[in-house]
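Reading the structure
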Amino acid sequence: MTQRELADPRTGVPGRSTTPRARPAQTRRRRAGAGARAPWWFLLPALAVFTLIVVIPSWRGAFYALTNWDGLSPQFDFVGFDNFVRVFKDSAAGASILNTTLYAIGVMVVQNFIGLLLALGVNSAIRSRNWLRVLFFAPAVVTPLVVANLWQYILAPDGALNTALRAVGLDFLAQDWLGNAQLALPAIISVVVWQFAGYSMVIFLAGLQSIPEDVYEAASLDGAGSFKTFWNITRPLLAPSMTINLMLSLIGGLKLFDQVLIMTQGGPGSATESLSTIAYKDAFQFQLFGYSTALTLVLTAFVAVASLIQFTLLRRGEDK
Amino acid sequence: MKRYTLKTGALEVVMILVALLFAAPVYVLINTALNSGGVTASLAPVATPSFDNFATAWVSGGLGPAMINNIVITVVSVFLIVVISASAAYPLARITRRWSKLAFAFFLGGLLIPGLLALIPLYTTFRDLHLIGSIWGLVIIYVGAQMPFSIFLYTQFLRSLPLDFEEAATLDGGSPFRVFWQVVFPLMRPITGTVVILNTITVWNDFFTPLLYLSGSGTNTIPIAIYSFTGQYVNQWGTIFAALIIGVTPLLIFYFLLQRSIIKGFAGGLKG
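Residues numbered from 1 in each chain as written. Chains lettered and ligands numbered in written order. Predicted model: local features only at pLDDT ≥ 70, side-chain atom pairs only at ≥ 80, totals over all residues.

If you tally the helices and strands in chain B, you get 12 helices and zero strands. Written out in order from the N terminus, the α and β elements of chain B read α-α-α-α-α-α-α-α-α-α-α-α. For chain B, the spread of C-alpha atoms along the three principal axes comes to 70 × 65 × 30 Å. Taking all 272 residues of chain B together, 46% fall into the buried category. A sequence separation of at least 24 residues applies to 77% of the contacts in chain B between residues at least 6 apart. (Helix = DSSP H or I, 4+ residues; strand = E, 2+ residues; numbered from the N terminus. Buried ≥ 20, exposed ≤ 12 C-beta atoms within 10 Å, placed from the backbone. Contact = placed C-beta atoms within 7 Å.)

Next comes the structure, spelled out in structure tokens:
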């Protein structure tokens, strides 16, 4: 509902269900279950507000996907599945689906790679570790709007990045980062990674800290090198954190919105357009509300299917 | 315990260099905001730092009233989110009947629904109820929209919490209402910390909902004030950046005060 939360649903830690250790606790609960008397009506306020604010309006909204409503006029016609057919014929929609996929994969891979390296770094004995943990997570707290504005300035043709490159004699690397059709999309991914790498780091760090120290001691007594230790001990034990991180960043990448809208408005041309930005433009600039809703539903299906596949694969990986 | 070796020293140097690179944009932000001379894209530290930009941003951006609105909206929303989602999680976690599992799945499904879908129908309803332009309208939206995620965190936590305490309290004759608020809720403190922090960040930073639901009403939140401000002061980056700094300061203070529990909260959420 809140667009920020949707554009960036990395706000959280789906937790226990992914750790195998949660299971014994659950069986214990069932055995003792008869004793607890949780009143069912405790559920009612949440159910009411969720149904009224999210479920019913979304349901009514989804209906417009079957119409040609412009979002304003009182009249509209029922057009069946025309809008969906159009999504798959529309080349702009096709390009945005491709971009959305690139955002999702780019953000997921780079953010978690950097997040993992940062986590390993600040989980060591270095003295600055507590400071660095706070510092790396700080951008995740800041409004994406603010981050996008700041980077828009840094990446401008005569912005801070180019000034810095020229100052050290790397003039040939200076670019119009956001104005170049090839570079704008990777530039946006980099900004998202800068903002949220610390988020991944914190989740990995939580995973790393739950690995008992003696496992490493045993490995070093056996003479395992540091890469071997990482691959054979840290990596498998980090699987639950990896699952959460990959899922959150995948969903975040698929729903990317604020950052694109502020930094490039989808341009140059349609080089950085995502499914969310074209759905937004179709609804509020081009008065194609019915069509926009169809695009939104395609995005929903995309997110649902991608996260389901990913979750199944990762779960299987965790159990090994 | 790990020892501080030569290798650790080398890692320390590398990590600090990475941190400096990471923080470089923040340097640009502050340095530009302190420069009232109007010279753009200079990387050297400002010779005569001045706070003129901050004064301009504060006054002409109307950041004062926007800040008050943001604080009221965030505090009220987060309070309601905690009370409502924590109590909903209680039956969801403790009742093992089929309907309880279905209800949990119903809430989780909300995580997948994009906000764009509900936007227009909800807007027309709110218009009929005269809630457009009202900060209370926003509060209602946040409470509804944040339910799935907060209920998810609470329910997962509660499922791994032993029953002993509530059973003892029930045997002592406590009503379910009192057992929950006086025994169970205090035990959920770690996850309440996480719920408070993550919802505060989301609600405080939200841009799109107030953009639509407050537009033209003269009522602003910080992200909206900044957004309209950047539209007015195109390319006056010193003033824009001063506004950005003012806008994120309260949240950063909140973060620095609570950073220990944030990182612990994450760890708590992960351990089974």
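Alright, that's what it looks like, and here's the rest.
Because an α-helix completes one turn every 3.6 residues, residues spaced three or four positions apart along the sequence face the same direction. Among the nine residues of helix α10 (residues 213-221) of chain A, zero are classified as buried, and the element is accordingly described as predominantly exposed. A positive backbone phi angle near 80 degrees is found at A:G223, which sits one or two residues after α10(A).

As a further point, take the nonpolar core. Side chains of a nonpolar character, in soluble globular proteins, are inclined to be buried together. Counting residues in each nonpolar core, the largest one holds 170 residues, and the members touching the most others are A:L295, B:Y154 and B:L244. Both domains that meet at this core, namely domain 1 (6-50) and domain 2 (62-270) of chain B, each give it at least three residues. (Core = buried A, V, L, I, M, F, W, Y, C linked by C-beta atoms within 7 Å. Domains from an automatic or database assignment.)

Our focus in this paragraph is the domain arrangement of chain B. Structurally, chain B comprises domain 1 (6-50) and domain 2 (62-270). Taken residue by residue, the interface counts seven residues in domain 1 of chain B and six residues in domain 2 of chain B.

Looking now at the environment of B:R94. Residue and element names in this part refer to chain B. Inspection of the secondary structure assignment puts R94 in helix α3 (residues 63-94). Assessed through the 25 C-beta atoms surrounding it within 10 Å, R94 is described here as buried. The spacing of R94 and L158 is 64 residues in sequence and 8.0 Å in space, taken between C-alpha atoms.

Bringing the interface of chain B and chain A into the picture now. With 88 residues of chain B at the interface, the matching set in chain A holds 91 residues. Among the residues making up the side of chain B that touches chain A, the classes are represented as 60 nonpolar, 19 polar and nine charged. (Nonpolar A, V, L, I, M, F, W, Y, C, P; charged D, E, K, R; others polar.)

Turning our eyes to something else, we now look at helix α14 (residues 275-284) of chain A. Across the 10 residues of α14(A), eight count as buried, placing the element largely inside the fold. Looking only at α14(A), the buried set comprises A:L275, A:S276, A:T277, A:I278, A:A279, A:Y280, A:D282 and A:A283.

Residues and elements named next belong to chain B. Relative to the assigned elements, D164 resides in helix α7 (residues 164-171). Residue classification places D164 among the exposed residues on the basis of 10 C-beta atoms within 10 Å. Along the chain, D164 and T221 lie 57 residues apart, while their C-alpha atoms are 45 Å from each other.

Once that is clear, we can look at unusual backbone geometry. For residues that are not glycine, phi is negative in most cases, and the peptide bond is trans in most cases. Residue and element names in this part refer to chain A. Phi at Q265 takes a positive value of approximately 50 degrees, unusual for a residue other than glycine. Here Q265 shows up in the loop between α13 (258-263) and α14. What makes Q265 partly exposed here is the crowd of 13 C-beta atoms within 10 Å. Of note, Q287 is a non-glycine position whose phi angle comes to about 50 degrees, a positive value. A tally of 15 C-beta atoms within 10 Å means that Q287 is categorised as partly exposed.

The predicted model of chain B averages 85 in pLDDT, with 94% of residues at 70 or higher. When mean pLDDT is taken per element in chain B, α3(B) scores highest with 94 and helix α12 (residues 237-270) of chain B scores lowest with 79. (pLDDT = per-residue confidence, 0-100.)

Now for the packing of helix α3 (residues 44-63) of chain A against α3(B). To characterise two packed helices, one gives the angle between the axes of the helices and the distance between these axes. Axis separation between α3(A) and α3(B) bottoms out at 7 Å; the angle between their running directions is 115 degrees. Across from A:P45, A:A46 and A:V49 in α3(A), the residues of α3(B) making contact are B:I84, B:S85 and B:A88. Residue classes in the contact of α3(A) with α3(B) are distributed as five nonpolar, one polar and no charged. (Axes fitted to C-alpha atoms, helices over the stretch in contact; angles between N-to-C directions.)

This part is about the environment of A:P268. Inspection of the secondary structure puts A:P268 in the loop between α13 and α14. As for A:P268 and A:Y216, which are separated by 52 residues in sequence, their C-alpha atoms are 51 Å apart.

Let's shift gears to the confidence of the model for chain A. Per-residue confidence for chain A averages 81 on the pLDDT scale, and 88% of its residues sit at or above 70. Note on residues 1-35 of chain A: pLDDT under 50 across the span, and 92 contacts to partners over four residues away in sequence or across chains.

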